[in-house]
Amino acid sequence: MGVRFSINYLNTDDKNMTALIDLPSVNQTAGGVTGMCENDTNSLTIDFLKTWQLRLFFGKDSGSFALENVTLVYDTSDPIFEKPKNMGMHNTTGTNLGLLKGTIGNSFLCKKNVDAMLDTATMTFTYVQVQAFSTEKTDTFADADDCDTETSEIVPIVVGCALGALVLIVLIAYLIGRKRAKRGYQSV
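Being a predicted model, the structure only gives us computed values, none of them experimental.

I tried to follow the packing of aromatic side chains on my own but got confused; where do I start?
Here the distance between the centres and the angle between the planes together describe a pair of aromatic rings. Across all of its chains, the model carries 7 aromatic pairs by this definition. With centroids separated by 5.9 Å and ring planes inclined at 50°, the aromatic side chains of W52 and Y74 adopt a geometry described as tilted. With a gap of 22 residues between them, W52 in strand 5 (residues 52–61) and Y74 in strand 6 (residues 64–75) connect regions that are remote in the sequence. A single burial state applies to W52 and to Y74, both of which are buried. An aromatic cluster of at least three residues, connected via ring pairs, comprises F5, Y9, F48, W52, Y74 and F81.

Quick question: what am I supposed to make of the environment of L10 here?
Mapped onto the elements, L10 comes out in strand 1 (residues 2–10). For L10, a relative accessible area of 37% translates into the label partly exposed. Sequence separation of L10 and K83 is 73 residues, and the distance between their C-alpha atoms is 8.6 Å. With residues near it in sequence (within four places) discarded, L10 still touches K15, N16, K83, P84 and K85.

Would you explain the sheet that holds strand 13 (residues 144–146) in this entry?
Within a sheet, each strand pairs with its neighbour through backbone hydrogen bonds, oriented either parallel or antiparallel. With mixed pairing, the 3 strands of this open sheet are ordered in space as 12-9-13. Each having just a single partner strand, strand 12 (128–130) and strand 13 make up the two edges of the open sheet. Each strand axis lies, on average, 20° off the axis of its neighbour in the sheet, ignoring direction.

Please clarify how the pairing of strand 2 (residues 16–22) should be interpreted in this entry.
Consecutive side chains of a regular strand alternate in pointing toward one face of the sheet and then the other. Residues of strand 2 alternate between two faces, with M17, A19 and I21 buried on one and N16, T18, L20 and D22 left unburied on the opposite face. One ladder, built from 7 bridges, connects strand 1 with strand 2; its direction is antiparallel. Residue pairing in the sheet places I7 in a bridge with A19 of strand 2. Between the end of strand 1 and the start of strand 2, which pair antiparallel, lie 5 residues, with D14 showing a positive phi angle near 60°.

Even after reading the chapter, I still don't get the pairing of strand 9 (residues 107–110), so can you show me in this structure?
The two faces of strand 9 match: S107 and L109 on one face and F108 and C110 on the other face are all buried. As paired elements, strand 9 and strand 13 share 3 bridges and run parallel to each other. Note that in strand 13 the partner of L109 across the bridge is D146. In this sheet, strand 12 lies alongside strand 9 in antiparallel orientation, the contact comprising 3 bridges. In the strand pairing of strand 12, C110 is matched with V128.

Please clarify how a nonpolar patch on the surface should be interpreted in this entry.
A contiguous nonpolar surface patch, about 590 Å² in accessible area, is contributed by L168, L171, I172, Y174, L175 and I176. Considering the arrangement of structural elements, one finds I176 in helix 1 (residues 154–181).

Got a minute to help me understand the confidence of the model for the protein chain in this structure?
Caution is warranted with low-pLDDT regions, since their predicted coordinates should not be read in detail. Summary statistics for the protein chain give a mean pLDDT of 85 and a share of 89% for residues scoring 70 or more. Considering each helix and strand of the protein chain separately, the mean pLDDT is smallest for strand 13, with a value of 80, and largest for strand 7 (residues 89–94), with 93.

About the criteria used
Residues numbered from 1 in each chain as written. Predicted model: local features only at pLDDT ≥ 70, side-chain atom pairs only at ≥ 80, totals over all residues. Heavy atoms only, no water. Phe/Tyr/Trp six-rings, centres within 6.5 Å; stacked < 30°, edge-to-face > 60°. Helix = DSSP H or I, 4+ residues; strand = E, 2+ residues; numbered from the N terminus. Buried < 20%, exposed > 50% of the residue type's maximum accessible area, 1.4 Å probe, protein only. Contact = heavy atoms within 4.5 Å. Pairing = 2+ DSSP bridges. Axes fitted to C-alpha atoms, helices over the stretch in contact; angles between N-to-C directions. Patch = residues over 30% accessible without salt bridge, like charges linked within 9 Å, V, L, I, M, F, W, Y side chains within 5 Å. Areas by Shrake-Rupley, 256 points an atom, 1.4 Å probe, with all protein chains shown as cover. Salt bridge = Lys/Arg side-chain N within 4 Å of Asp/Glu carboxyl O. pLDDT = per-residue confidence, 0-100.

Encoded structure:
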C-alpha cells in the first residue's frame, strides 16, 4: 500500500506551495502503528518522521465499513517545506469521507488511486487493501471486495435513456403506421 500526501501551504513570500511526501513503510515509521477496536469505530494510528501522525477512523453501517475520518498531524519545519510562513505543528482533517467501503467480514482492495480530500491536503492511496471490524485475529486479509467491480452510476443512467428512446421510437412508428392504415379502400 502506498499513501502520498499533497500538502498546501503558504511560504514566506505568500506564494501557494505544495509539499509532496510519501508515507514510509511500516518498518521505517518512527513511533510505530497502533489501533483501537470499538463496537462502532475502528481506528489506526501511524507515527512517522519523528513528529508526524496519521489517524484513520473507520465506521460501520448495516453490514459494511468505510473510512469516515482522517487526521494528519505534520510539522512544517520539516525540510520538505520550502520557507513556510507558519513553521511548526499543524493538522488537517477530512470528515464524512465514505471511502474504502467494504463488507464486514471481507477486506477492501483497490489497485487504482483513491483520493481523500482533507482541509489543506490531498491524501492518495495507491494499491490499498484494508479490513476493519474483523472478528478473527489473523495476519491475512479476508476475501476482498474489489473497487474495480463496483458498478458505475453512469451505466444504469445511459441504459435507461437508451431504453426510453427506443420506446419513444417504437411508439412514433406505431402511430405513423396506424395513420397510414386508416385511408380505407383504394380504387384499382
